[in-house]
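Chain residues, written in single-letter form:
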Amino acid sequence: MAQEDVFKKLVSHCKEYGFVFPSSDIYDGLGAVYDYGQMGVELKNNIKQYWWQSMVLLHENIVGIDSAIFMHPTIWKASGHVDAFNDPLIDNRDSKKRYRADVLIEDQLAKYDDKINKEVAKAAKRFGEAFDEAQFRSTNGRVLEHQAKRDALHERFAKALNDNNLDELRQIILDEEIVCPISGTKNWTEVRQFNLMFKTFQGVTEDAKNTVYLRPETAQGIFTNFVNTQRTTRRKLPFGVCQIGKSFRNEITPGNFIFRVREFEQMELEFFCKPGTDLEWFQYWRTFCHNWLLGIGLKDENLRLRDHDPEELCFYSKATTDFEFLFPFGWGELWGVADRTDYDLTQHQNTSGVKMVYREGEGKDMVEYVPYVIEPSLGVERSVLAVLCDAYDEEVVGQDKKGNDDVRVVLHFHPALAPFKAAILPLSKKDVLAGPAMELYNELSKEFMVDYDETGSIGKRYRREDEIGTPFCITVDFDTVGDEAKGIAADNCVTVRDRDTMEQVRMPISELKSYIESKIEF
């Protein structure tokens, strides 16, 4: 099945089973804005909780804050967002559609990558186990031709971005003969800059003096609270401050479901350290973030770490790594780790007049300096989407009476991320089973998110739980409760079915809690 079709099925599945709904759906929706249903909010909260615990609980030198969405507008001037937080936009005169110029060129780079990968795949199929991919890539004429074109385009593109050369971006689009996906023409306008911040007004009058912005990132709230946090925690360097919060960007070309939206959440850490130790800490967080993504169950083959070339780096950055995930629509950035040096604190120090320094030593030996910062920044929505993409599966488990494939749709979530950790399923609606089953539900729900379902055949109920990713189904049957009238003693055991293997084991009710606890550990 084509990956585009898989993605369409996943989007449909999310709406059908209460993970993600289009916002304002009864009014035909609002572009690139989504609501999270009863399943989605649990999945989302589980991811956020694991990130928070990984940062704050597992690191004695990291604390958390929750800064305001509205901030003094001068903050965004100091951070560069007012002047430089822009997207280069280009219009097609025939379709009247607007596009990000950089995205059009990035798509062109991806096409060269696809051509190279197709040549490699054909050769691998032709030569089998004897295939040497590295040698093929370095010697095959077609691959070298595509690679040369890609490298030349990449170098030209990176320079244009660094120089903020809008005319050159347009010329690249023309030279590469990039067409509008709608009209199929190359009738492009000039490239213009468009600021991504949402602007609004504070108070009762709408004038420039009262202009405020919805924050486009959570990081600045951490930087402006650096002095407050360091003073009240009495932390010594290195130490970190993290937060989870909403951000807003007026994206012109949102898309790919919840991958690029206008309202989103970020999980950001700003890790402050002494200059000269920053690259060491950059490597630490680079490794930590990779292991964290593997820890939530993402497949390593669907992850790649892309280090920015020197010409790609922002002027204030010493190193940046993008963690990319292979979504059904292609590779997309999931997590970024950057060495931002002392840029942000210095900018706020120079603009506000307040010292953003760390004092080390005492008396005559005391020195003060502006710390460097390492920033791992992860989007909640993109994390949810990556987990859903990796978990979604369609398995043929047999054939129906007509001879058609019996397909089981299942979400293979890591048990700790699953919205429900277990489902209690009485084999029958009869009070003799439903009563004890509900008692078990009430007991387990004190510890875990647990579902209860007594409608339909047991097989259909198993399938429903598979479709929402519940890792364990617990069936209460007649052996569980026994039959006093017939002299059959209750065995006080239940049948536990594993979502992934579909294997079933008989287990005492008294062992259920510890069993589930052991399975949902990261």
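Refer to the structure above for everything that follows.
Residues numbered from 1 in each chain as written. Predicted model: local features only at pLDDT ≥ 70, side-chain atom pairs only at ≥ 80, totals over all residues. Heavy atoms only, no water.

The next point concerns the packing of helix α5 (residues 101-127) against helix α8 (residues 166-175). In the contact formed by α5 and α8, the axes pass within 10 Å of each other and the chain directions differ by 40 degrees. In terms of axis orientation, α5 runs oblique to α8. Read as a crossing pair, α5 and α8 show a hand that is left-handed. The segment α5 lies against α8, with Ala101, Leu104 and Ile105 engaging Leu169, Ile172 and Ile173. In terms of residue class, the contact of α5 with α8 is made up of 6 nonpolar, no polar and no charged. (Axes fitted to C-alpha atoms, helices over the stretch in contact; angles between N-to-C directions. Helix = DSSP H or I, 4+ residues; strand = E, 2+ residues; numbered from the N terminus. Parallel < 35°, antiparallel > 145°, perpendicular 65-115°, else oblique. Left-handed = near helix turned anticlockwise from the far one by under 90°. Contact = heavy atoms within 4.5 Å. Nonpolar A, V, L, I, M, F, W, Y, C, P; charged D, E, K, R; others polar.)

Consider a sheet: its strands pair through backbone hydrogen bonds, and that pairing is either parallel or antiparallel. Reading across from one edge, β5-β4-β6 is the order of the 3 strands in this open sheet, with antiparallel pairing throughout. Only two strands of the sheet have a single partner each, and these edge strands are β5 (98-100) and β6 (192-195). For this sheet the average axis-to-axis angle between neighbouring strands, irrespective of direction, equals 45 degrees. Across the sheet, α5 is in contact with β4 (86-91) and β5; its angle to β5 comes to roughly 65 degrees. Running over the sheet, α8 touches β4 and β6 and is turned about 45 degrees from β4. (Pairing = 2+ DSSP bridges.)

Right, let's talk about the packing of aromatic side chains for a bit. In total, this model carries 30 aromatic pairs according to the counting rule given. Here the aromatic rings of Trp51 and Trp52 are separated by 6.4 Å at their centres, their planes lie at 50 degrees, and the arrangement is tilted. Owing to a relative accessible area of 29%, Trp52 belongs among the partly exposed residues under this scheme. Taking the centre distance of 4.7 Å and the plane angle of 50 degrees together, the rings of Phe271 and Trp281 count as tilted. (Phe/Tyr/Trp six-rings, centres within 6.5 Å; stacked < 30°, edge-to-face > 60°. Buried < 20%, exposed > 50% of the residue type's maximum accessible area, 1.4 Å probe, protein only.)

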